[in-house]
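Observations on the model geometry
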Amino acid sequence: MKEQIKKFLNEEQDPKAIEKVTAKLNDILMKNEEVGYIAVQKKPALTVLPDSIVLTNKRIIICQPKNLGLSMHFIDYTWDEVDGAFVKENILGSEFTFSTKTELQVTIDYIPKIQARKIYTYAKEQLDSMKNGAAAPTAETVITPEAEIIEEVETEEVTNFAEIIPATITHEASFVSESEPAVSTASLNQEELFAKLQNYKKLLDNGLILQGEYDAFKKEILSQM
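Since this is a predicted model, take the numbers as computed values, not measurements.

What follows is about the pattern of salt bridges. When their charged atoms lie close together, side chains carrying opposite charge are able to pair. Enumeration according to the criterion identifies 5 salt bridges in this entry. The partner of D76 in a salt bridge is R59, with the nearest N and O atoms 2.8 Å apart. Within this pair, whereas D76 is found in strand 4 (residues 71-78), its partner R59 is found in strand 3 (residues 59-66), the two being separated by 17 residues in sequence. Here R59 falls in the buried class, since its relative accessible area comes to 7%. Put simply, K124 and D128 hold a salt bridge, and the shortest N to O gap is 3.1 Å. Here the residue K124 and the residue D128 both occupy positions in helix 2 (residues 113-133), the gap between them amounting to 4 residues, near one helical turn. Given the relative accessible area of 31%, K124 is considered partly exposed. Since its relative accessible area comes to 31%, D128 is described here as partly exposed. What emerges from the salt-bridge pattern is a single network uniting E33, R59 and D76.

Turning our attention to the side chain of T56. Within the secondary structure, T56 sits in strand 2 (residues 52-56). Those residues in contact with T56 that sit more than four places away from it in its chain are L29, E33, E34, V35, G36, I61, W79, Y122 and Q126.

The next thing to look at is the sheet that holds strand 4. Here 4 strands make up an open sheet; going across it, the order is 1-2-3-4 and the pairing antiparallel. Pairing within the sheet leaves two strands with one partner each, and these edge strands are strand 1 (35-40) and strand 4. Adjacent strand axes in the sheet meet at a mean angle of 20° when their direction is disregarded. In this sheet, strand 2 lies alongside strand 1 in antiparallel orientation, the contact comprising 5 bridges. Residue pairing in the sheet places A39 in a bridge with I53 of strand 2.

Right, let's get into the confidence of the model for the protein chain. For the protein chain, the mean per-residue pLDDT works out to 75, and 70% of the residues sit at or above 70. Under a pLDDT of 50 for its full length, residues 147-153 has, in the predicted model, 11 contacts with residues more than four places off or in other chains. Per-residue pLDDT stays below 50 along residues 157-183; that stretch engages in 49 contacts with residues further than four places along the chain or on separate chains.

This paragraph deals with the packing of aromatic side chains. The tally for this structure, following the rule as stated, stands at 3 aromatic pairs. An angle of 70° between the planes, with centres 5.2 Å apart, marks the rings of Y77 and F98 as edge-to-face. Remark: F98 occurs in strand 6 (residues 94-100) and Y77 occurs in strand 4; sequence separation between them is 21 residues. Look at Y77 and you get buried, because its relative accessible area is 8%. F98 gets classed as buried once you look at its relative accessible area, which sits at 1%. Plain terms: the ring middles of F96 and F98 are 6.2 Å apart, the flat faces sit at 45° to each other, and that makes the pair tilted. You'll find F96 and F98 in the same group, each marked buried.

Rules used throughout
Residues numbered from 1 in each chain as written. Predicted model: local features only at pLDDT ≥ 70, side-chain atom pairs only at ≥ 80, totals over all residues. Heavy atoms only, no water. Salt bridge = Lys/Arg side-chain N within 4 Å of Asp/Glu carboxyl O. Helix = DSSP H or I, 4+ residues; strand = E, 2+ residues; numbered from the N terminus. Buried < 20%, exposed > 50% of the residue type's maximum accessible area, 1.4 Å probe, protein only. Contact = heavy atoms within 4.5 Å. Pairing = 2+ DSSP bridges. Axes fitted to C-alpha atoms, helices over the stretch in contact; angles between N-to-C directions. pLDDT = per-residue confidence, 0-100. Phe/Tyr/Trp six-rings, centres within 6.5 Å; stacked < 30°, edge-to-face > 60°.

Shown next as structure tokens:
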């Protein structure tokens, strides 16, 4: 293992993903730019090509593998563009979201909780530093943990979708997707309700329904359990 990547493996990051990201980062880092932390996506099912989020002293960099990992797509935001940072802790991993001064929100999901807390803390420190060094105030950052508790289950593989497609980053875009037809849950038993919830989760993971739609389905099902 290369010596330079060892410092980024403190919170069980995928070593192969870290090695690929750091190799590519060497070509795009600016003068006096230093990497502070790297978080790697970890989905419940096997993630062949996880996304990563890199925080440096100058910017946030979203790293998305493309072409079966042969290339890497980078999207970056300098700290003076960032207005606030948020972490939402879910049952399986966390969502890290940051907003820009142009009212754009960027989210990367399925970040392991300890890694999400680390990047949130690093982001808050950078934003506080920017705030103290500039006259214009920045938005306060908050953590909004999710209080819901459900039984964690093993995620089944989805066979009718391409399973090597990496997760995408939401840039306030609306995607039209085919979702599962609405079915009344009033007559279902608890086991059937739980299976229903799993099906909606698969649709969400494969981009066929939006997060808001999934949350509404989940709320309805949990109210029947």
